[in-house]
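Coordinate analysis (summary)
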Amino acid sequence: MPTFTVSTDLQLHYLVDDFTDPWTSPETILLLHGNAESSLSWYAWVPVLARRFKVVRPDMRGYGASTPMPRDFKWSLDVIIDDYARLMDSLGVRRFHLLGAKIGGVVARAFAARRAERVMTLTVIGSPPPVRKGAERIPELNREFETQGVEHWARRTMAGRLGDRFPCEGVEWWIKFMGKTAVSTLVGFNAAINYSDIRADVARITCPTLVITTDESGLASVEETRAWQQVIPNSELLVLPGNSYHVAASDAEACARATLDFIARRTKPDASA
């Protein structure tokens, strides 16, 4: 797995998947995973996307094979955005299509607002509202991480995450996958990022934007999602049937194909990308 050195104490791991025709110059898609995940969470998306785009999928700082973060690390959205922007700089990619799932969709919305010149289109999949409910539970959640472990939390919450149609073997895989996250990373991230207020960012997004949710998502109702989606000019809302809120996992192929269709309808080839 390639590594980008962000600083002397941080290695950012990432994957690049490119199965496009070798005589073409494909545009690039940057995939931002959710909390307690890594680049591996996009396993079902890559076969759909990588035939037409170069796909970059990093492990966010603290997650996957990237360097774990200490409990007292000073998290901010700008720090995370800067990591990703510098990674894309190192790959020689100035402009790209940006996709974010779950909390990755929060980071992606802030990225699209704060680095508008970098983002060609934005796709937000199964992501919470600009102001997420439940911040009062942060101390309780962090005690759970510290005393019972990340896997305990993942198992307790997985039903709402993946819904009732996901195969049992897949549910167990996701529990083990998310359970590998370093507690030190998760405690700091949960307190500083997981309940971020990005209302001001949403109002500043100008690129074509696709928002995907399910009609019974536990993160927000369709009406609540539509309320912030409609703040973004030139945006669309796609509602899929189901009761998962991690629709990027539960309905990966449908979401990926909808994203390809959206990008094709909303953009033209850009030689500078």
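Described in the following lines is the structure provided in the data block.

Reading guide: rules and limits
- Residues numbered from 1 in each chain as written.
- Predicted model: local features only at pLDDT ≥ 70, side-chain atom pairs only at ≥ 80, totals over all residues.
- Heavy atoms only, no water.
- Axes fitted to C-alpha atoms, helices over the stretch in contact; angles between N-to-C directions.
- Helix = DSSP H or I, 4+ residues; strand = E, 2+ residues; numbered from the N terminus.
- Parallel < 35°, antiparallel > 145°, perpendicular 65-115°, else oblique.
- Contact = heavy atoms within 4.5 Å.
- Nonpolar A, V, L, I, M, F, W, Y, C, P; charged D, E, K, R; others polar.
- 1 Å grid on protein atoms, 1.4 Å probe; cavity = no way out; pocket = protein on both sides within 12 Å on 5 of 7 lines; lining within 4 Å.
- Points joined across faces, edges and corners; volume = space filled by probe spheres on them.
- Left-handed = near helix turned anticlockwise from the far one by under 90°.
- Phe/Tyr/Trp six-rings, centres within 6.5 Å; stacked < 30°, edge-to-face > 60°.
- Buried < 20%, exposed > 50% of the residue type's maximum accessible area, 1.4 Å probe, protein only.
- Lys NZ or Arg CZ within 6 Å of the ring centre and 35° of its normal.
- Salt bridge = Lys/Arg side-chain N within 4 Å of Asp/Glu carboxyl O.

The N-to-C vectors of helix H4 (residues 138–148) and helix H5 (residues 150–162) enclose an angle of 125°; their axes lie 6 Å apart at closest approach. On the basis of their axis angle, the class for H4 and H5 is oblique. Between H4 and H5, the residues in contact are Leu141, Glu144, Phe145 and Gln148 and Val150, His152, Trp153 and Arg156, respectively. Of the residues assigned to the contact of H4 with H5, the class counts are four nonpolar, two polar and two charged.

For the rest of this paragraph, the subject is empty space enclosed by the protein. In the structure shown here, the tally under the stated rule is two cavities of 30 Å³ or more. Lining the largest cavity are Gly126, Ser127, Val211, Ile212, Thr213, Ser217, Leu219, Ala220, Thr225, Trp228 and Tyr245. Where the lining of the largest cavity is concerned, the elements lending two or more residues are strand S7 (209–214) and helix H9 (222–229). With three residues, S7 is the single largest residue contributor to the lining of the largest cavity. A breakdown of the residues in the lining of the largest cavity according to their chemical character gives six nonpolar, five polar and no charged. Quantified by volume, the second largest cavity comes out at close to 30 Å³. Lining the second largest cavity are Glu37, Ser41, Trp42, Ala101, His246, Ala248 and Ala249. Looking at side-chain class alone, the lining of the second largest cavity contains four nonpolar, two polar and one charged residues.

This part takes up the packing of H5 against helix H6 (residues 168–179). The geometry of H5 relative to H6 is characterised by a closest axis approach of 9 Å and an angle of 135° between their N-to-C directions. With respect to H6, the axis of H5 lies oblique. Considering the relative orientation of H5 and H6, their crossing is right-handed. Residue-level contacts link Val150, Glu151, Trp153, Ala154, Arg155, Met158, Arg161 and Leu162 of H5 to Val171, Glu172, Trp174, Ile175, Lys176, Met178 and Gly179 of H6. Here the contact of H5 with H6 is composed, by residue class, of nine nonpolar, one polar and five charged.

With that settled, the discussion passes to the packing of aromatic side chains. Counting across every chain of the model gives eleven aromatic pairs. Pairing Tyr43 with Trp173 gives two aromatic rings, centres 5.6 Å apart and planes at 75°, and the pair type is edge-to-face. Of the two residues, Tyr43 is situated in the loop between strand S3 (28–32) and helix H1 (46–49) and Trp173 in helix H6; the sequence distance between them amounts to 130 residues. A relative accessible area of 35% places Trp173 in the partly exposed class. Of the aromatic side chains, those joined through ring pairs into one cluster are Tyr43, Trp173, Trp174 and Phe177. Over the face of the ring belonging to Trp228 we find Arg109, whose NZ or CZ atom lies 4.2 Å from the ring centre. The cationic tip of Arg161 hangs over the ring face of Trp153; the distance from NZ or CZ to the ring centre is 5.0 Å.

Working definition: two side chains of opposite charge can pair if their charged atoms are close together. Summed over all chains, the structure comprises 20 salt bridges. With a shortest N-O distance of 2.8 Å, Glu37 and Lys102 are connected by a salt bridge. Of this pair, Glu37 sits in the loop between S3 and H1 while Lys102 sits in the loop between strand S5 (96–101) and helix H3 (103–114), placing them 65 residues apart in sequence. Classification of Lys102 by relative accessible area gives buried; the value is 7%. In this structure, Arg156 engages Glu144 in a salt bridge whose closest nitrogen and oxygen atoms are separated by 2.8 Å.

This part takes up the layout of surface pockets. Space inside the largest pocket adds up to approximately 510 Å³. For the largest pocket, the lining is made up of 23 residues, of which Arg132, Arg137, Tyr195, Leu219 and Tyr245 are closest to its centre. Contributions of two or more residues to the lining of the largest pocket are made by H4 and H5. Among the elements that line the lining of the largest pocket, the one with the most residues is H5, at four residues.

By themselves, these are just geometric observations and shouldn't be taken as functional.
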